[in-house]
Amino acid sequence: MNDSPGCPLADVAAVYMPRLSEISFEPGLVAAVDQHAAAVCDALVPAQRGPQGRTVRREELADYVLGFTDRLTGADWAAPMGHDFATLRLTAICWLIREHDLLGAGAS
């Protein structure tokens, strides 16, 4: 999963972004992805009060993805047909990529 020389966020998005549309009609999966996204945010950005909320930065999320996928590789993990912890976490990362425009023109 990390073998390409490109951005780890682009690699994950290429594989797992389609799962966002797959889960859109499954409220339980939407809630699970939301919880995973919140857990990733908690790991990356301390809770902030006020109207601006949390800002997920591309570099920090890319580092998180590298660590997470390295652990998956070390465990000889293979993506299942369904949804396990890892696929939900990777799908949540895609949600964060999309919501914070981390691969778009405004990415920093």
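Residues numbered from 1 in each chain as written. Predicted model: local features only at pLDDT ≥ 70, side-chain atom pairs only at ≥ 80, totals over all residues. Heavy atoms only, no water.

Novice: Can you help me understand helix α1 (residues 8-16) in this one?
Specialist: Every α-helix winds through 3.6 residues per turn, so residues three or four apart in the chain are directed the same way. For α1, every residue scored as buried is listed here: Pro8, Leu9, Asp11, Val12, Ala13 and Tyr16. Summarising the contacts, the buried residues of α1 are in contact with α2 (18-23), α4 (58-74) and α5 (85-99). (Buried < 20%, exposed > 50% of the residue type's maximum accessible area, 1.4 Å probe, protein only. Helix = DSSP H or I, 4+ residues; strand = E, 2+ residues; numbered from the N terminus. Contact = heavy atoms within 4.5 Å.)

Novice: Where do I start with the packing of aromatic side chains in this structure?
Specialist: Aromatic ring pairs are defined here through the distance separating the ring centres and the angle between the ring planes. Scanning all chains against the criterion turns up one aromatic pair. On the basis of an interplanar angle of 10° and a centroid distance of 6.2 Å, the ring pair of Tyr64 and Phe68 is categorised as stacked. Taken together, the residues span about one helical turn, with Tyr64 and Phe68 both in helix α4 at a distance of four residues. Residue classification places Phe68 among the buried residues on the basis of a relative accessible area of 8%. (Phe/Tyr/Trp six-rings, centres within 6.5 Å; stacked < 30°, edge-to-face > 60°.)

Novice: Help me understand the packing of α1 against α4, please; the structure alone is not making it clear to me.
Specialist: Between two packed helices, the angle of one axis relative to the other and the distance separating the axes together describe the packing. Contact geometry for α1 and α4: axes closest at 8 Å, N-to-C directions at 70°. Judged by the angle between their axes, α1 and α4 are roughly perpendicular. Contacts between α1 and α4 involve Pro8, Leu9 and Val12 from the first element and Arg58, Leu61, Ala62, Val65 and Leu66 from the second. Its residues placed into classes, the contact of α1 with α4 shows seven nonpolar, no polar and one charged. (Axes fitted to C-alpha atoms, helices over the stretch in contact; angles between N-to-C directions. Parallel < 35°, antiparallel > 145°, perpendicular 65-115°, else oblique. Nonpolar A, V, L, I, M, F, W, Y, C, P; charged D, E, K, R; others polar.)

The values are spatial; any link to function lies outside them.
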